[in-house]
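Next come the chains, spelled out residue by residue.
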Amino acid sequence: MDRNQRGRDIRTVDDVLRLLDGLFAPEADRWTSGAASWWDGFYADRDKPVPFFVAKPDENLVGYLDQGLIAEGGRALDLGCGPGRNALQLAARGFEVDGVDLSPTAVAWAEERAHASGIRARFHCGDIFALARTQLPGPYDLVYDSGCFHHLPPHRRISYLALLDQVLAPGGHFALTCFAAGGVGCELPDAELYRGSGLQGGLAYTADELRWIFGELGVVELRRMRDEPDASPRFGEDFLWTALFRRGAGA
């Protein structure tokens, strides 16, 4: 008898992860390829007062580069790149950049910004967990994530860590901005999220939780993002964490 006729669908870790994906309500799913239409709707109106729609790089990213915490050049992967503001900053600083987003609308906007600025970066539309197996296997000297990780449900942290293990070069850096507990985001325990079938807009983390989750990487810096005034050339909101990690050279 065919396994699907009997409902026996679980054999691998990926099967388990897909099963857990399905426990969330469709409108709460913002991390699989089927979420592209939700994000397209989000990015459709470019005049919405969304803080990160601005064409400014994150203040922490500029700081890492200016202070020499990250060496300029090399290969960079921008996860959930949106309209490309950080990908273009990295490309302008000498990186060979691949930006990835689920939303065709966001990717088109990023490509428009790249064309207008004359900066070269590659943008890809799709699920990074799938693309890393085919088009974007790495290694990357820098993996940058500004606002993607906090939209993942707890079980997809497994996928995320496996992704970093695959694509991040030995000695490479991983940089993250995400919702900070006490600022913005859902602070319910992981188990409660499955009972409610939603992420309530994104998960908030404490500094200790981030150190624990990414415990295989060395912490270079972990702090709240600096709040930047409207006139600043950098983006900054203090409801976010900024974190820079480094993979061991022998990893």
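Anyway, here's the lowdown on the structure attached to this text. As the structure is a prediction and not an experimental result, all values here were calculated from the model.

## Notes on the overall build of the chain
At step 1: When helices and strands are tallied, the chain shows 10 helices and seven strands.
At step 2: Taking 2.2 N^0.38 as the reference for a compact globule, 251 residues should give roughly 18 Å; the C-alpha atoms of the chain span a radius of gyration of 18 Å, in line with that estimate.
At step 3: Referenced to the eigenvectors of the C-alpha coordinate spread, the extents of the chain come out at roughly 60 × 45 × 35 Å.
At step 4: Residues classed as buried in the chain amount to 49% of the 251 residues present.
At step 5: Counting only contacts in the chain whose residues sit at least 6 apart along the sequence, the fraction spanning at least 24 positions is 72%.
At step 6: Carbon and sulfur atoms form 51% of the exposed surface of the chain, whose accessible area is close to 11900 Å².
At step 7: Side chains of the chain give 26 positive and 36 negative charges; the mean places of these two sets differ by 4 Å.

## As for helix 3 (residues 36–44)
At step 1: Taken together, the buried positions of helix 3 are occupied by Ala36, Trp39, Asp40, Phe42 and Tyr43. Angular distribution of buried residues about the axis of helix 3 spans 160°; they occupy a single face of the element. Among the exposed residues of helix 3, those oriented more than 90 degrees off its buried face are Ser37 and Ala44.
At step 2: The inward-facing, buried residues of helix 3 contact strand 2 (96–101) and helix 6 (104–117).

## Notes on the packing of aromatic side chains
At step 1: In total, this model carries 21 aromatic pairs according to the counting rule given.
At step 2: Ring centres of Trp38 and Phe42 lie 5.7 Å apart, and the angle between their planes is 10°; on these two criteria the pair is classed as stacked. With Trp38 and Phe42 both in helix 3 and four residues apart, this pair spans about one turn of that helix.
At step 3: Between Phe179 and Phe239 the ring centres are 6.4 Å apart and the planes differ by 55°, which places this aromatic pair in the tilted class. Residue Phe179 is found in strand 5 (residues 168–179), and its partner Phe239 is found in the loop between strand 6 (218–224) and strand 7 (240–246); the two are separated by 60 residues along the sequence.

## Focus on the pairing of strand 4 (residues 140–146)
At step 1: Within strand 4, six of the seven residues are buried, leaving the element largely enclosed by the surrounding structure.
At step 2: Pairing analysis gives four bridges linking strand 1 (residues 75–79) to strand 4, with the strands arranged parallel. In the sheet register, Ala76 faces strand 4, and the bridge partner there is Leu142.
At step 3: The pairing of strand 4 with strand 5 spans six bridges and is classified as parallel. What sits directly across from Asp145, in strand 5, is Leu176.
At step 4: Handedness of the crossover is the feature at issue here: the chain leaves strand 4, passes through helix 8 (residues 156–167), returns alongside strand 5, and the resulting connection is right-handed.

## Focus on the packing of helix 3 against helix 6
At step 1: The geometry of helix 3 relative to helix 6 is characterised by a closest axis approach of 7 Å and an angle of 45° between their N-to-C directions. One element, helix 3, and the other, helix 6, form an angle in the oblique class. Contact residues: helix 3 offers Ala36, Asp40, Tyr43 and Ala44, while helix 6 offers Pro104, Thr105, Ala106 and Trp109.
At step 2: Its residues placed into classes, the contact of helix 3 with helix 6 shows six nonpolar, one polar and one charged.

## Re a nonpolar patch on the surface
At step 1: A cluster of nonpolar side chains, namely Ile10, Val16 and Leu19, defines an oily patch on the protein surface of about 250 Å² accessible area.
At step 2: Turning to its location among the elements, Val16 is positioned in helix 2 (residues 13–21).

## Looking at the side chain of His173
At step 1: Mapped onto the elements, His173 comes out in strand 5.
At step 2: Judged by its relative accessible area of 12%, His173 falls in the buried class.

## As for the sheet that holds strand 4
At step 1: Taken in spatial order, the seven strands line up as 3-2-1-4-5-7-6 in an open sheet, and their pairing is mixed. Each edge of the open sheet carries a strand with a single partner, namely strand 3 (122–125) and strand 6. Across the sheet, the mean angle from the axis of one strand to that of its neighbour is 15°, orientation sign disregarded.
At step 2: Taken strand by strand, helix 6 contacts strand 2 and strand 3, and its axis lies near 170° from that of strand 3.
At step 3: Along the sheet, helix 8 contacts strand 1, strand 4 and strand 5; its crossing angle with strand 5, the most-contacted strand, is approximately 145°.

What counts and what doesn't
- By convention here, each chain's residues receive numbers from 1 onward along its written sequence.
- Reporting of local features is limited, given that this is a predicted model, to residues whose pLDDT is at least 70; pairs of side-chain atoms are given and counted only at 80 or more, and all residues count toward the totals for whole chains, interfaces and linings.
- As a convention, hydrogens and water are excluded, and side-chain values are obtained from all of the structure's heavy atoms.
- Comment: elements are numbered from the N terminus, with helices defined as DSSP H or I runs of at least four residues and strands as E runs of at least two.
- As defined in this context, the radius of gyration uses C-alpha atoms, and a globule is described by 2.2 Å times the residue total to the power 0.38.
- Buried, partly exposed and exposed residues are distinguished by accessible area as a fraction of the type maximum, computed with a 1.4 Å probe on protein chains only: under 20%, between the cut-offs, and over 50%, respectively.
- The contact criterion used throughout is that any non-hydrogen atoms of two residues lie within 4.5 Å.
- Residue exposure ignores everything except the shown protein chains as possible cover, and the areas themselves are Shrake-Rupley values with a 1.4 Å probe.
- Two residue types count as positive, namely Lys and Arg, and two as negative, namely Asp and Glu; His and chain ends fall outside the count.
- All charge positions are set by atom: Lys at NZ, Arg at CZ, Asp at CG, Glu at CD.
- Taking the helix axis as origin, the arc is that swept by the directions to the C-beta atoms.
- Working definition: a ring pair exists when centres of Phe, Tyr or Trp rings (six-membered ring for Trp) sit within 6.5 Å. Plane angles under 30 degrees give stacked, over 60 give edge-to-face, the rest tilted.
- When DSSP finds two or more bridges between a pair of strands, those strands are recorded as paired.
- The crossover handedness rule: strands pointing away from the viewer, path from first strand over the helix to second strand clockwise, crossover right-handed.
- The angle between two axes is taken between their N-to-C directions and runs from 0 to 180 degrees, where each axis is a line fitted to C-alpha atoms and a helix contributes only its stretch in contact.
- Here is the rule for angles: anything less than 35 degrees is roughly parallel, anything more than 145 is roughly antiparallel, 65 through 115 is roughly perpendicular, and the remaining ranges are oblique.
- Residue polarity is assigned by list, with Asp, Glu, Lys and Arg as charged and Ala, Val, Leu, Ile, Met, Phe, Trp, Tyr, Cys and Pro as nonpolar; anything else, Gly included, falls into the polar class.
- Only residues whose relative accessible area exceeds 30% and that take part in no salt bridge are eligible for patches, with like-charged residues grouped when within 9 Å of each other and nonpolar side chains (Val, Leu, Ile, Met, Phe, Trp, Tyr) grouped when within 5 Å.
- Whenever Lys or Arg places a side-chain nitrogen within 4 Å of a carboxyl oxygen from Asp or Glu, that contact is recorded as a salt bridge.

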